Amino acid sequence: MAKLIYSTISSLDGYVADAKGNFDWAAPNEEVHAFVNELERPVGTYLYGRRMYEVMVAWETMDLDEQPSVVRDYSEIWRAADKIVYSKTLEKASSARTTIERDFDPAAIARLKKSAGRDVSIGGPHLAAEAIRAGLVDEYHFFLTPVVIGGGNASLPGDTRIDLELIDQRRFGSGVVHLHYRTAAGSA
């Protein structure tokens, strides 16, 4: 059975973007990017809401000629995976291997986890919140960036308790800290 994994880069105070939607402070350096690439390599399907998809689809068309090897590597990882985008307004996908679903259906995600040969990643805090509330997320990867932004788009839902078990941690030279958790037994 595949795992559903939520990965996020957030500020120390728990936001993925500031009150104006900016997340330029979250750009990973090469060391963090290479680590993320290794985490993403086993992913076979990405689940996105429309806004996260519109950010991520740049990996489909990005000019890679002048990019570092970690960026080229991530682009290949992203392009090779299937994507499911949940949107009521998006008419057409802008990337290959992409389907659009109008509604997030927890039962369909549970079936996907049972049938998928590779792990499934959920991106974006709003879509992830739905999966978290439904008890579907198996693992969490938090990349905490050494910045406090004071508000904005929270990385986790504020109305749900989740008991977690720490699996691993890593500190990077930039001050970014990676925390890897799994959902505690009996928590979902």
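Only a predicted model underlies this, so the values are computations on that prediction, with no experimental measurement involved.

1. Details of helix α4 (residues 69–80)
Over its 12 residues, α4 extends 17 Å from the first C-alpha to the last, a length consistent with the 16 Å expected when each residue adds 1.5 Å. What α4 keeps buried is the set Val-70, Val-71, Tyr-74, Ser-75, Ile-77 and Trp-78. Axial view of α4: buried residues confined to an arc of 165°, hence all on one face. Those residues of α4 that are buried lie in contact with α1 (30–40), β3 (43–49), α2 (50–56), α3 (58–61) and β4 (82–86).

2. A closer look at the side chain of Lys-113
Within the secondary structure, Lys-113 sits in helix α5 (residues 106–115). The exposure class assigned to Lys-113 is buried, which follows from its relative accessible area of 6%. In terms of polar contacts, Lys-113 uses its side chain to reach the side chain of Asp-138, at 2.9 Å. Other than its neighbours up to four places away in sequence, Lys-113 contacts Met-1, Ala-2, Leu-4, Leu-136 and Asp-138.

3. Considering helix α6 (residues 125–133)
Every buried residue belonging to α6 is among Pro-125, Leu-127, Ala-128, Ala-129, Ala-131 and Ile-132, and all of these are buried. Phi turns positive, to about 75°, at Gly-135, one or two residues after α6.

4. A short note on the sheet that holds strand β9 (residues 164–171)
The mixed open sheet is built from 8 strands, whose spatial order is β5-β4-β3-β6-β1-β7-β10-β9. Looking at which strands have only one partner, the edges of the open sheet turn out to be β5 (98–101) and β9. Shown here is a sheet whose adjacent strand axes are inclined to one another by a mean of 20°, direction ignored. Looking at chain direction, β3 and strand β6 (residues 119–123) are connected through 5 bridges and run parallel. Within the sheet, the bridge partner assigned to Tyr-46 lies in β6 and is Ser-121. Its contacts with the sheet put α1 on β1 (4–11), β3, β6, β7 (139–145), β9 and β10 (177–183), and the angle it makes with β7 is roughly 175°. Sitting on the sheet, α4 touches β3 and β4, and the angle it makes with β3 is about 85°.

5. Topic: the environment of Glu-101
Its place among the elements puts Glu-101 in strand β5. In this structure the C-alpha to C-alpha distance between Glu-101 and Val-85, which are 16 residues apart in sequence, comes to 6.0 Å. Discounting chain neighbours no more than four positions away, the residues touching Glu-101 are Ile-84, Val-85, Tyr-86 and Ser-87.

6. Considering the packing of aromatic side chains
Per the counting criterion, the structure on display carries 8 aromatic pairs. A ring pair is formed by Tyr-46 and Tyr-48, whose centres lie 5.7 Å apart and whose planes are at 10°; its orientation type is stacked. Just as Tyr-46 is buried, Tyr-48 falls in that class too. Arranged with centres 5.4 Å apart and planes meeting at 70°, the rings of Tyr-86 and Phe-104 form a pair that is edge-to-face.

7. Here's the deal with the nonpolar core
Among the nonpolar cores identified, the biggest contains 21 residues, and Leu-4, Leu-47, Phe-104 and Ile-122 are the most heavily contacted of them. Put simply, the parts of the chain that give this core at least two residues each are β1, β4, α5, β6, α6 and β7. The element that contributes the greatest number of residues to this core is α6, accounting for 4 residues. Trp-59, Val-70, Ala-81 and Val-85 belong to the second largest nonpolar core, which has 16 residues in total.

About the criteria used
Each chain has its residues counted from 1, running along the sequence as written. Local features in this predicted model are restricted to residues of pLDDT 70 or higher, and side-chain atom pairs are both shown and tallied only at a pLDDT of 80 or more, whereas totals for entire chains, interfaces and linings draw on every residue. Note that the side-chain values use all heavy atoms of the structure and ignore hydrogens as well as water. The secondary structure listing takes helices from DSSP runs of H or I that are at least 4 residues long and strands from runs of E that are at least 2 residues long, numbered from the N terminus. Expected span, for any helix, means 1.5 Å times one less than how many residues it has. Categorising residues by exposure relies on relative accessible area from a 1.4 Å probe, with only protein chains included: less than 20% of the type maximum marks a residue as buried, more than 50% marks it as exposed, and the intermediate range marks it as partly exposed. Arc, as used here, means the arc of the directions from the helix axis to the C-beta atoms. Note on contacts: a residue pair qualifies if any of its non-hydrogen atoms lie within 4.5 Å across the two residues. Throughout this description, a polar contact denotes any pair of N or O atoms lying within 3.5 Å of each other; where both atoms belong to protein, one of them has to be capable of donating a hydrogen while the other can accept it, and for residues adjacent in sequence the pair is counted only when both atoms sit in side chains. By the convention used here, strands pair only if DSSP detects at least 2 bridges between them. All axes are obtained by fitting lines to C-alpha atoms, using only the stretch in contact for helices, and the reported angles, taken between N-to-C directions, cover 0 to 180 degrees. Working definition: rings of Phe, Tyr and Trp (its six-membered ring) pair if their centres are within 6.5 Å, and the pair is stacked with planes under 30 degrees apart, edge-to-face with planes over 60 apart, and tilted otherwise. The criterion is simple. A nonpolar core is a set of buried Ala, Val, Leu, Ile, Met, Phe, Trp, Tyr and Cys residues joined through side-chain atoms within 4.5 Å.

That is the geometry; function is a separate question.
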